[in-house]
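Here are the chains, one letter per residue:
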Amino acid sequence: AKMRVAVVGAGVSGLTATKCCLDEGLEPTCFEQSQDIGGLWRYTEHIEASRPSLYPSVISNTSKEMSAFSDFPYPEDFPVFLPNARLLDYLRRYAKQFGIREHIKFGTTVVSIRKRPDFATTGQWDVVTEADGKQTSHIFDAVMVCSGNLYEPSLPLHCFPGIEKFQGQYFHSRQYKHPDVFQGKRVLVVGMGNSGVDIAVEASRVAAKVTVSTSRGAWVLSRVFNHGYPWDMVFNTRLMNLIRNSLPGPFSRGLVSYMVNQHFNHENYGLQPEKRYFLPVLNDDLPSYILTGRITIKPGVKEFKDNSVVFHNWPEEEPIDIIVFSTGYDVSFPFLEEADVKVENKHASLYKYVFPTHLQRPTLAVLGLIKPLGAIMPVIEMQARWVTRIFKGRRANVSSPVYQNPVQTGHVLSSLCTKRDFFLKTDWLGYMDQLASFIGAKPSVPGLLCRDPWLALTIFFGPCTPYQYRLVGPGCWAGAQQAILTQWDRTLKPTRTRVPASSSSPFPSLLTVMGFLLLLAAIVFAF
């Protein structure tokens with residue numbers, strides 16, 4: 001009999017998890033509480049309980065070539081960064097292409113997932129679901145938790161003295177949909193995540209005044225990077241990664257800080273982050289809005305008064321009418337037993353960010369609980385490819401108790417009142433390579449140099465697009481090589497709309513020659 005796998009949620013993670021199950025010959029059943037796929041990316045005007053909430057203007061932070069599932073490139077006419085509706089359209093095409101929909105039960109909520117009495121030998125789970133008010137129990141051989149973590153807003157009001165006295169309106173960024181609530185108002189945004197900065201920018205077009213309060217500061221990257229190329233196609237290359245990882249820590253951090261400060265000097269804009277290096281914020285407008293006085297950056301909040309705020313180390317108080325708390329989200333798995341996935345102080349203890357570290361059998365996996373500096377979709381797909389191979393008992397390079405060195409994941413918090421909790425930052429490329437090597441899908445640049453030197457150079461110097469992980473190993477895809485060699489064509493097609501596009505990648509011949517020498521040196525030293 002086929003191994004039966006329960007998949008919780010039909011967003012990005014649930015769709016690719018279901019597809020990977022099918023690829024490995026497992027039998028997935030995906031439970032989705034709403035009536036449609038798309039999760040986070042399906043915009044609804046009203047806010048639904050225990051579902052992520054999107055504002056209409058959300059655009060992907062990572063480019064389409066870097067964000068694609070590894071065997072399903074985006075259509076070439078899609079824009080390079082995707083408005084939420086286009087991303088949802090892509091997910092619908094993916095579901096259709098691989099026949100995922102018929103494995104999804106819509107309008108079905110997962111109520112509980114419990115180990116069966118004979119778990120130690122079978123690794124099986126009792127899963128209780130509810131649809132139309134009636135509950136059903138099922139037995140599954142394995143479970144993939146794909147419910148995401150952006151629906152349980154974290155609003156630590158006890159960290160903001162005086163908030164109970166504040167006369168104006170305040171809400172968490174999850175409630176935000178349209179900027180008209182800020183018309184003519186003095187707005188304070190607390191916290192500097194992607195949503196907070198987006199909301200500040202939108203508010204500043206209609207508000208009387210917008211202030212962003214951040215205790216930590218942040219690196220700010222623009223989607224439009226050096227020479228106008230997408231940031232992640234320049235940043236996440238094997239060459240850049242080799243340089244960053246070969247340098248001693250301080251030099252590596254210095255290089256990153258040099259790269260982000262080339263666009264604008266963060267110190268002059270009041271944004272220099274305290275800790276030298278963590279996840280940046282992506283926003284194209286913030287620096288110019290600070291420069292034109294539409295947005296002011298202030299330190300952390302000390303206390304609130306009736307209709308004003310006092311900042312740390314700032315003499316005068318500032319009058320405000322409305323507060324948006326961009327204070328992130330809590331990780332929660334209401335359907336799991338606490339003993340199965342321990343979430344303490346917003347950490348979940350998971351091996352490689354996926355497997356709970358203390359279960360006797362590796363038959364429960366949590367997908368997408370990670371925030372890499374790069375596109376999340378290919379990372380989740382890679383997690384799903386690895387997990388389904390382990391479920392199936394295939395060689396997947398994991399010593400049988402999966403768990404010798406548990407990795408802490410979830411949020412990193414120095415104290416409970418730190419603003420903007422953030423996930424453990426992982427090296428995107430390093431993590432992808434590591435999981436790929438577990439299943440034998442990591443491309444070998446030296447190996448390719450002899451067989452297909454042009455492809456090898458493209459893989460090493462070009463962006464590390466997900467198609468690289470379909471060249472070899474289980475699930476290798478015949479179209480991968482072609483997808484890699486045409487990645488810049490698909491990137492340039494939507495913007496070169498006035499002149500005919502000639503196929504060109506941003507690697508002039510001199511750079512290629514220089515690079516080739518560097519690569520040889522790297523191979524000599526690294527392999």
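Residues numbered from 1 in each chain as written. Predicted model: local features only at pLDDT ≥ 70, side-chain atom pairs only at ≥ 80, totals over all residues. Heavy atoms only, no water.

## Re the overall build of the chain
Then step 1. The helix and strand tally for the chain stands at 16 helices and 25 strands.
Then step 2. The contacts of the chain with a sequence gap of at least 6 include a subset with a gap of at least 24, amounting to 68%. (Helix = DSSP H or I, 4+ residues; strand = E, 2+ residues; numbered from the N terminus. Contact = heavy atoms within 4.5 Å.)

## Quick look at the packing of helix α7 (residues 238–246) against helix α8 (residues 249–263)
Then step 1. Running from N to C, α7 and α8 cross one another at 130°; their axes reach a closest spacing of 7 Å. As the angle between them shows, α7 and α8 are arranged oblique. The residues of α8 that touch α7, namely those facing Met-240, Ile-243 and Arg-244, are Ser-252, Leu-255, Val-256 and Met-259.
Then step 2. A class-by-class count of the residues in the contact of α7 with α8 yields five nonpolar, one polar and one charged. (Axes fitted to C-alpha atoms, helices over the stretch in contact; angles between N-to-C directions. Parallel < 35°, antiparallel > 145°, perpendicular 65-115°, else oblique. Nonpolar A, V, L, I, M, F, W, Y, C, P; charged D, E, K, R; others polar.)

## Some thoughts on the sheet that holds strand β14 (residues 301–304)
Then step 1. The antiparallel open sheet is built from three strands, whose spatial order is β14-β15-β16. Only two strands of the sheet have a single neighbouring strand rather than two, namely β14 and β16 (318–319). (Pairing = 2+ DSSP bridges.)

## Focus: the confidence of the model for the chain
Reading fine detail from the predicted coordinates is not recommended where pLDDT is low.
Then step 1. Here the chain averages 89 in pLDDT, and 87% of its residues register 70 or above.
Then step 2. Ignoring residues within four places in sequence, the model shows residues 395–424, a span with pLDDT below 50, making 98 contacts including any to other chains. (pLDDT = per-residue confidence, 0-100.)

## So, the pattern of salt bridges
Then step 1. In total, this model carries 23 salt bridges according to the counting rule given.
Then step 2. Here Arg-101 makes a salt bridge to Asp-36, at a shortest N to O gap of 3.3 Å. Of this pair, Arg-101 sits in the loop between α3 (84–97) and β3 (104–106) while Asp-36 is found in the loop between β2 (27–32) and α2 (64–67), placing the two residues 65 residues apart along the sequence.
Then step 3. Overall, the relative accessible area of 37% leaves Arg-101 in the partly exposed class.
Then step 4. Of the charged contacts, one joins Glu-318 and Lys-209 as a salt bridge, the two residues approaching to 3.1 Å between their closest N and O atoms. Placement of the pair is Glu-318 in strand β16 and Lys-209 in strand β10 (residues 209–213), with a sequence separation of 109 residues. (Salt bridge = Lys/Arg side-chain N within 4 Å of Asp/Glu carboxyl O. Buried < 20%, exposed > 50% of the residue type's maximum accessible area, 1.4 Å probe, protein only.)

## Regarding the packing of aromatic side chains
Then step 1. Evaluation of the coordinates by the stated rule reveals 27 aromatic pairs.
Then step 2. When the ring of Tyr-55 is compared with that of Tyr-176, the centres are 5.5 Å apart and the planes differ by 65°; the resulting orientation is edge-to-face. Taken together, the residues Tyr-55 in the loop between β2 and α2 and Tyr-176 in the loop between β8 (169–172) and β9 (186–190) connect sequence positions 121 residues apart.
Then step 3. Here Tyr-55 falls in the buried class, since its relative accessible area comes to 7%.
Then step 4. Tyr-176 sits in the buried class, given a relative accessible area of 1%.
Then step 5. One aromatic cluster is present, built from ring pairs that chain together Phe-69, Phe-72, Tyr-74, Phe-78, Tyr-90, Tyr-94 and Phe-98.
Then step 6. Of note, Arg-244 hangs over the ring of Phe-235, and the distance from its end group to the ring centre comes to 4.4 Å.
Then step 7. In this structure, Arg-294 is placed above the aromatic ring of Tyr-289, and the distance from its NZ or CZ to the ring centre is 4.3 Å. (Phe/Tyr/Trp six-rings, centres within 6.5 Å; stacked < 30°, edge-to-face > 60°. Lys NZ or Arg CZ within 6 Å of the ring centre and 35° of its normal.)

## Things to note about the pairing of β9
Then step 1. The buried count for β9 comes to four of five residues, which makes it a mostly enclosed element.
Then step 2. Here β9 runs beside β10; their pairing, made up of five bridges, is parallel. Of the residues in β10, the one forming a bridge with Arg-186 is Lys-209.
Then step 3. Following the chain from β9 across helix α5 (residues 194–203) to the adjacent parallel β10, one finds a crossover that is right-handed.
Then step 4. Where β9 lies against strand β17 (residues 322–325), four bridges are found, and the strand directions are parallel. Within the sheet, the bridge partner assigned to Val-190 lies in β17 and is Phe-325. (Right-handed = clockwise from strand over helix to strand, strands pointing away.)

## Here we look at the sheet that holds β2
Then step 1. Pairing in this open sheet of five strands is parallel, and the strands run β3-β2-β1-β7-β21 from one edge to the other. The open sheet terminates on both sides in strands that have one partner only, identified here as β3 and β21 (364–366). Pairs of neighbouring strands in the sheet enclose a mean axial angle of 20°, with direction left out of account.
Then step 2. Here helix α10 (residues 376–391) sits on the sheet and contacts β1 (4–8), β7 (142–145) and β21; the angle it forms with β7, its principal contact strand, is near 170°.

## Considerations on α10
Then step 1. With 16 residues, α10 extends 22 Å between its outermost C-alpha atoms, agreeing within 8% with the 22 Å of an ideal straight helix rising 1.5 Å per residue.
Then step 2. Following α10 by one or two positions, Gly-393 has its phi on the positive side, about 75°. (Expected span 1.5 Å × (residues − 1).)

## Describing the state of the cysteines
Then step 1. Scanning all chains against the criterion turns up zero disulfides.
Then step 2. Here Cys-146 is not disulfide-linked; the sulfur of Cys-30 is the nearest cysteine sulfur, at 7.2 Å.
Then step 3. You can call Cys-146 buried: its relative accessible area is 6%. (Disulfide = S-S within 2.5 Å.)

## Quick look at the nonpolar core
Then step 1. By size, the foremost hydrophobic cluster in this structure holds 102 residues, and its most contacted members are Met-144, Phe-182, Ile-295 and Phe-391.
Then step 2. Counting residues per element, this core draws most heavily on α10, which supplies nine residues.
Then step 3. Looking at this core, you find at least three residues from each of domain 1 (4–151 + 330–434) and domain 2 (155–222 + 263–327).
Then step 4. Discounting residues that sit within four places of it in the chain, Phe-182 has contacts with Phe-171, Tyr-176, Val-187, Ile-199, Ala-203, Val-206, Ala-207, Ile-322 and Val-324.
Then step 5. Core analysis: the next-biggest nonpolar cluster, separate from the first, contains 22 residues, Ala-6, Phe-31, Val-145 and Val-331 among them. (Core = buried A, V, L, I, M, F, W, Y, C linked by side-chain atoms within 4.5 Å. Domains from an automatic or database assignment.)

## Side note on the packing of α7 against helix α13 (residues 453–461)
Then step 1. The contact between α7 and α13 brings their axes to 5 Å, and the two run at 50°. By the criterion of interaxial angle, the relationship of α7 to α13 is oblique. Across the interface between the two elements, Arg-238, Leu-239 and Leu-242 from α7 touch Ile-459, Phe-460 and Phe-461 from α13.
Then step 2. Split into classes, the residues belonging to the contact of α7 with α13 amount to five nonpolar, no polar and one charged.

## Considering the side chain of Arg-490
Then step 1. Along the chain, Arg-490 turns up in helix α15 (residues 487–492).
Then step 2. Under the relative-accessibility criterion, Arg-490 is labelled buried at 10%.
Then step 3. Here Ala-483 takes part through its backbone oxygen, which lies 2.9 Å from a polar atom of the side chain of Arg-490. (Polar contact = N/O pair within 3.5 Å; in protein donor to acceptor, adjacent residues only side chain to side chain.)

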